[in-house]
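Observations on the three-dimensional arrangement
Residue-level listing of the chains:
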Amino acid sequence: MTATAMAAFGGWRGRTAAAAGVAAMTVAQVLSNAVAKKLYRRRRPPREWVPAEELQECPDSSSFPSGRTGAAFAFLGAVAPVWPAAGAACGVPALTVAAERVHSGARYLSDVAAGARSGCSDGR
C-alpha cells in the first residue's frame, strides 16, 4: 500500500522509490524464507512467554531470521537513498514490524535484529 501511494502521488521520484522498495523487499523475503531459514533451524519462542490473550498463531518455519522484519527494513533501505523524506517516514513502520514480531511471541529479539540487519545490507 505504501509503494502504491508513493508511485501514485510521488511523481518520478515516488515511482522510482516504490519500484526499488518492492524489489528490495522481494529479494529480502526470498533470501530469508528460501535460504536463511533452511540454513538456520531455530524454534520459535515458548508459548508460555506470551500472555494467552496476545498469543497469535505462529508458523512452524524457523524463527531465525525474521523475514517480515527483513522485508520492512529492505524496503526502507531501498527507498531512503531515492527519496530521503519517504525513507524517514518508512522508519516508523519498519520498527513497528520488528517490535510486533517480538511482542506477539513469534520471534526472539535476535531474530528481528538479524532480519533488520539483513534487510539493511547493501552487499558489504
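Predicted model only: the values in this text are computed from it and were never measured.

Description of the nonpolar core
Met6, Phe73, Phe75, Leu76, Val79 and Ala94 are the most contacted members of the largest nonpolar core, which has 15 residues in total. Those elements giving two or more residues to this core turn out to be helix H1 (2–9), helix H2 (11–39), helix H3 (67–82), helix H4 (84–103) and helix H5 (109–120). Looking at this core element by element, the count peaks at 5 residues for H3. Apart from residues no more than four positions distant in its own chain, Leu76 is found in contact with Gly87, Cys90, Gly91 and Ala94.

Digging into the confidence of the model for the chain
Close reading of the predicted structure is inappropriate where its pLDDT is low. Counting all residues, the mean pLDDT for the chain is 81, and 83% of those residues have values of 70 or more. Between the elements of the chain, mean pLDDT differs from a low of 83, seen in H5, to a high of 90, seen in H3.

Observations regarding the packing of H2 against H3
When two helices pack together, their arrangement is given by the angle between the helix axes and by the axis-to-axis distance. Put simply, H2 and H3 touch, their axes get as near as 7 Å, and they point 150° apart. By the angle between their directions, the pair H2 and H3 is classed as roughly antiparallel. H2 and H3 meet at a crossing whose hand is right-handed. Each residue belonging to the contact of H2 with H3 can be placed in one class, and the counts come to 13 nonpolar, 7 polar and 3 charged.

Considering the side chain of Arg101
The residue Arg101 is located in helix H4 in this model. Taking the relative accessible area as the measure of exposure, Arg101 reaches 5% and is therefore buried. Among the polar contacts made by the side chain of Arg101, one reaches the side chain of Glu100 at a distance of 3.4 Å. Each residue touching Arg101, except ones within four places of it in the same chain, is listed here: Arg44, Ser66, Arg68, Thr69, Ala106, Arg107 and Val112.

Criteria and cut-off values
Residues numbered from 1 in each chain as written. Predicted model: local features only at pLDDT ≥ 70, side-chain atom pairs only at ≥ 80, totals over all residues. Heavy atoms only, no water. Core = buried A, V, L, I, M, F, W, Y, C linked by side-chain atoms within 4.5 Å. Buried < 20%, exposed > 50% of the residue type's maximum accessible area, 1.4 Å probe, protein only. Helix = DSSP H or I, 4+ residues; strand = E, 2+ residues; numbered from the N terminus. Contact = heavy atoms within 4.5 Å. pLDDT = per-residue confidence, 0-100. Axes fitted to C-alpha atoms, helices over the stretch in contact; angles between N-to-C directions. Parallel < 35°, antiparallel > 145°, perpendicular 65-115°, else oblique. Left-handed = near helix turned anticlockwise from the far one by under 90°. Nonpolar A, V, L, I, M, F, W, Y, C, P; charged D, E, K, R; others polar. Polar contact = N/O pair within 3.5 Å; in protein donor to acceptor, adjacent residues only side chain to side chain.

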